[in-house]
Each structure stands twice: as C-alpha cells, then as structure tokens.
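# Summary of structural features
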Amino acid sequence: MIPDDAPDVIIGAVDVLRSILHPTERPDAFRWQVWAEGSVRPDGRVLKLFGDLTVTQGGWFGGSTSYVVVTFRGSSTPGDAVTDDEMLARYGPWAAHVLWDLATMNLRTVAAGSAGIGFELPSTTPVPLLRFDRDAGDEQEGAD
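These notes cover the structure that comes with them. Source: prediction; values computed, not measured. (Residues numbered from 1 in each chain as written. Predicted model: local features only at pLDDT ≥ 70, side-chain atom pairs only at ≥ 80, totals over all residues. Heavy atoms only, no water.)

## With respect to the overall build of the protein chain
- Each helix and strand counted, the protein chain has two helices and five strands in total.
- From first element to last, N terminus to C terminus, the protein chain shows the α and β order β-β-β-β-α-β-α.
- Across the 144 residues that make up the protein chain, the buried fraction comes to 38%.
- Put simply, 73% of the contacts in the protein chain that link residues at least 6 apart link residues at least 24 apart.
- Surface accessibility of the protein chain: about 8,500 Å² in total, with carbon and sulfur atoms responsible for 52%. (Helix = DSSP H or I, 4+ residues; strand = E, 2+ residues; numbered from the N terminus. Buried < 20%, exposed > 50% of the residue type's maximum accessible area, 1.4 Å probe, protein only. Contact = heavy atoms within 4.5 Å. Areas by Shrake-Rupley, 256 points an atom, 1.4 Å probe, with all protein chains shown as cover.)

## Some details on the pattern of salt bridges
- A complete count under the given rule lists two salt bridges for this structure.
- Put simply, Arg18 and Asp52 hold a salt bridge, and the shortest N to O gap is 2.7 Å. Linking Arg18 in strand E1 (residues 9-23) with Asp52 in strand E3 (residues 44-57), this pair joins segments that are 34 residues apart in sequence.
- When its relative accessible area of 29% is taken as the criterion, Arg18 is described as partly exposed.
- Given a relative accessible area of 5%, Asp52 falls into the buried group.
- For Asp52, the salt bridge identified is with Arg31, shortest N-O distance 3.3 Å. In this pair, Asp52 is assigned in strand E3 and Arg31 in strand E2 (residues 29-41), connecting sequence segments 21 residues apart.
- Through salt bridges with shared partners, a single network forms among Arg18, Arg31 and Asp52. (Salt bridge = Lys/Arg side-chain N within 4 Å of Asp/Glu carboxyl O.)

## So, the environment of Leu107
- When you line up the elements, Leu107 lands in helix H1 (residues 84-112).
- Filtering out sequence-adjacent residues up to four positions away, Leu107 remains in contact with Ile20, Leu53, Val55, Gly62, Gly63, Ser64, Phe119 and Leu121.

## Here we look at the packing of aromatic side chains
- Enumeration over the complete set of coordinates arrives at six aromatic pairs.
- Taking 6.1 Å as the distance between ring centres and 70° as the angle between the ring planes, the aromatic pair formed by Phe30 and Trp100 counts as edge-to-face. A residue pair is termed long-range when its members are at least 10 positions apart, and Phe30 in strand E2 and Trp100 in helix H1 qualify at 70 residues.
- A relative accessible area of 1% means that Trp100 is categorised as buried.
- When the ring of Trp35 is compared with that of Phe50, the centres are 5.3 Å apart and the planes differ by 10°; the resulting orientation is stacked. Here the residue Trp35 occupies a position in strand E2, and Phe50 occupies one in strand E3, the gap between them amounting to 15 residues. Neither Trp35 nor Phe50 differs from the other in exposure class; each is buried.
- The structure contains a cluster of three or more aromatic residues connected by ring pairs, namely Phe30, Trp32 and Trp100.
- Taking the ring centre of Trp35 as reference, the NZ or CZ of Arg131 above it sits at 4.2 Å. (Phe/Tyr/Trp six-rings, centres within 6.5 Å; stacked < 30°, edge-to-face > 60°. Lys NZ or Arg CZ within 6 Å of the ring centre and 35° of its normal.)

Right, dumping it as structure tokens:
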C-alpha cells in the first residue's frame, strides 16, 4: 500500500532482466535507451519502464537491462487512451536515473567477477535515447 502522504506517482518495484558479458572484436560503443510498456488491470493502469545499457570497451561487450514498475493513484492515474509513447515521454526521463543506477550497478558487479574487465561508465545518468513505439518500424528496417 502507498502511504496517504506519499506522492501519487511512485516507483513501486525494480529489478534486472538480463546481464551479459563476453569478449568481442567490435569497436568501442555505448548505448543507453529507455522504453515503456503499459497495460491495464482491473485495479488501474500499470506502467513498466525498461532501461537497456550496452557497452563495448577494451575487447569486451557488456549489457544490462533493468526495469521499474510505476504506480499511480488519485488524479495522476492515466486514462486508457494514454499511449505508451505518451507515458514514455512523461516518465522515461524521470525514471531513467533509477534505471541507470540499477543497470550500471549490475554490469559493474558482473564485470568484477572476471579479472581485467572494467567498464568506464558515466557516474551521472546520461540522457537516454527514448525508444518510442512509433519508431519501432525504423529500427527493424535498419537491422542487420
């Protein structure tokens, strides 16, 4: 339960979906993106925001995907007509900080288990690429 004096929009759960670490010959690269998946339950609207970090440095590829569940109540509860893209635009940048902290903590932990691997990652949250549903077709067309 949300206490009566808590904000009407809070992060209700956090978790890591995946972690990956393996050697690679690809050039150094970095990507930080956030996307949304909303659903409707009998007790109201549910929003999951996902943060995906991928980095290639020093011959290693690492990735971590985290997610948060955003809980709404009162007048802040979005209606059924609100799209995932609209919710991503509104709450993605806000939740990106928690998603970033969780993804980087997880990736650093995984890398620490292997000798000689250490990713240099920003200590502050970079601006994420917001991955909107309307852009999904463009991404598919550019896939290898």
